[in-house]
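Report on the structure
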Amino acid sequence: MDDPEVRIWQASRADAEAAGATALFGEKYGEQVRIVDIGDFSRELCGGTHVGHGSNAGPIRVLGESSIGSNLRRIEALTGHDVLRHYDNERRLLEEVSELRGTRPADAPEALRKRLSHLVTAQQELDRLRAHKLREHAQRLLTLACPSGRGHIITKHVTGISPAELRQLALEVIDQTSTDPTIVILGLEHDGKAMLVAAITPSLTTDGIQAAQIITRAAKAVGGGGGGTGAVASAGGRHPQALGQALQLAAEDASNALGSK
């Protein structure tokens with residue numbers, strides 16, 4: 001915007017280098033070269049086009065930079081009217097944010113920070129309440145424990161929780177149980193799909209029993225598959241209507257596992 005002068009002149013490559021002209025790494029030049037001066041801060045060898053004056057470029061907005069090779073970086077920027085359009089768009093976005101928050105554009109960032117802070121606090125409280133609710137749910141499931149072989153089995157088609165919470169709930173039951181060994185098998189219907197999870201107490205894994213073997217047949221019953229190693233495994237399928245049958249199959253396999261010494 002200070003309108004530095006752009007001057008183009010010809011010289012031998014030696015004279016150009018002696019005058020302090022720089023060149024891009026890897027470019028090849030002949031003995032006669034074209035030099036472009038911009039004000040008193042830039043002197044480069046270049047055969048390309050340039051503005052007649054520095055002010056022709058107008059404002060410049062750097063958008064980003066990245067690597068394009070060893071020791072080479074690319075800067076991407078807007079100039080001229082494109083910069084003004086870019087600023088205009090950013091201004092409209094800021095005004096939209098300020099309208100949503102009911103504040104002035106200058107106050108929008110601080111107002112947004114406060115709202116986000118409140119949302120984080122609220123989410124933390126929701127997570128705390130949800131965890132408490134899962135613990136209570138686990139306590140209720142413990143009352144459903146049925147003796148089987150040398151241990152107990154808890155089987156339940158649950159509702160009102162998310163797929164992620166299904167696994168968490170099964171582990172919560174295992175953590176709270178006072179009977180060992182115990183196998184927990186839970187089923188959930190979510191978005192038209194069947195979901196299963198099995199969790200077992202540590203003593204069963206010591207005996208070589210894997211949670212996955214408890215729901216292998218159950219997974220096939222709901223038209224899917226699953227996996228997992230050790231004390232917890234999950235499965236899913238496309239046939240939620242078969243969830244009851246799947247839980248029954250899993251209970252049978254759990255009973256067989258508990259019947260083995």
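Residues numbered from 1 in each chain as written. Predicted model: local features only at pLDDT ≥ 70, side-chain atom pairs only at ≥ 80, totals over all residues. Heavy atoms only, no water.

Thoughts on the overall build of the chain
Within the chain, the secondary structure is distributed over seven helices and 11 strands. The C-alpha atoms of the chain give a radius of gyration of 35 Å, which is well past the 18 Å a tight globule of 261 residues would have. Projected onto its principal axes, the C-alpha positions of the chain cover 95 × 50 × 30 Å. Burial statistics for the chain: of 261 residues in total, 30% are counted as buried. Restricting to contacts in the chain with at least 6 residues of sequence separation, those with at least 24 account for 53%. Counting only carbon and sulfur atoms, one obtains 52% of the accessible surface of the chain, whose full area is about 16100 Å². The positive charge centre, built from 29 side chains, and the negative charge centre, built from 32, are 8 Å apart in the chain. (Helix = DSSP H or I, 4+ residues; strand = E, 2+ residues; numbered from the N terminus. Rg over C-alpha atoms; globule rule 2.2 N^0.38 Å. Buried < 20%, exposed > 50% of the residue type's maximum accessible area, 1.4 Å probe, protein only. Contact = heavy atoms within 4.5 Å. Areas by Shrake-Rupley, 256 points an atom, 1.4 Å probe, with all protein chains shown as cover. Lys, Arg positive; Asp, Glu negative; His and termini not counted. Charge placed at Lys NZ, Arg CZ, Asp CG, Glu CD.)

Side note on the packing of helix α3 (residues 108-142) against helix α4 (residues 163-176)
Running from amino to carboxyl end, α3 crosses α4 at an angle of 60°, the nearest separation of the two axes being 9 Å. Taken together, α3 and α4 sit at an angle that is classed as oblique. In this structure, the crossing between α3 and α4 has a hand that is right-handed. Here Arg-130, Leu-134, Arg-135, His-137, Ala-138, Gln-139, Leu-141 and Leu-142 of α3 lie close against α4, whose contacting residues are Glu-165, Gln-168, Leu-169, Glu-172, Val-173 and Gln-176. (Axes fitted to C-alpha atoms, helices over the stretch in contact; angles between N-to-C directions. Parallel < 35°, antiparallel > 145°, perpendicular 65-115°, else oblique. Left-handed = near helix turned anticlockwise from the far one by under 90°.)

Examining the pairing of strand β3 (residues 42-45)
Within a regular beta strand, the side chains point alternately toward one face of the sheet and then the other, so they alternate between its two faces. Summarising the sheet, strand β2 (residues 32-38) and β3 pair through four bridges and their orientation is antiparallel. Counterpart to Ile-35 in the pairing with β3 is Leu-45. (Pairing = 2+ DSSP bridges.)

Focus: the sheet that holds β3
Sheet strands line up and pair through hydrogen bonds in the backbone, either parallel or antiparallel. Spatial strand order, β1-β2-β3: three strands in an open sheet with antiparallel pairing. The open sheet has two edge strands with one neighbour each: β1 (6-12) and β3. When the angles between neighbouring strand axes are averaged without regard to direction, this sheet yields 25°.

Looking at α3
When the terminal C-alpha atoms of α3 are compared, their 51 Å separation across 35 residues agrees well with the 51 Å that a helix rising 1.5 Å per residue should span. Residues Ala-108, Ala-111, Leu-134, His-137, Ala-138 and Leu-141 constitute the buried set of α3. Each element contacted by the buried residues of α3 is listed here: α2 (80-101), β7 (151-157), α4 and β8 (182-190). (Expected span 1.5 Å × (residues − 1).)

Considering the sheet that holds β8
Read across the open sheet, the six strands follow the order β6-β7-β8-β9-β11-β10; overall the sheet is mixed. Either end of the sheet is taken by a strand with one partner, and the two such strands are β6 (146-148) and β10 (224-227). For this sheet the average axis-to-axis angle between neighbouring strands, irrespective of direction, equals 20°. Examined bridge by bridge, β7 and β8 share six bridges and lie parallel to one another. Bridging across to β8, Thr-155 finds its partner in Ile-185. Sitting on the sheet, helix α7 (residues 243-259) is in contact with β6, β7, β8 and β9 (193-200), with an inclination near 170° to β8.

A look at a nonpolar patch on the surface
Taken together, the side chains of Val-97, Leu-112, Leu-116 and Leu-119 make up a nonpolar region of the molecular surface, amounting to roughly 310 Å² of accessible area. Element by element, the count of residues in the nonpolar patch is highest for α3, at three residues. By the element assignment, Leu-116 lies in helix α3. (Patch = residues over 30% accessible without salt bridge, like charges linked within 9 Å, V, L, I, M, F, W, Y side chains within 5 Å. Salt bridge = Lys/Arg side-chain N within 4 Å of Asp/Glu carboxyl O.)

Interpretation in functional terms is not warranted from these geometric data alone.
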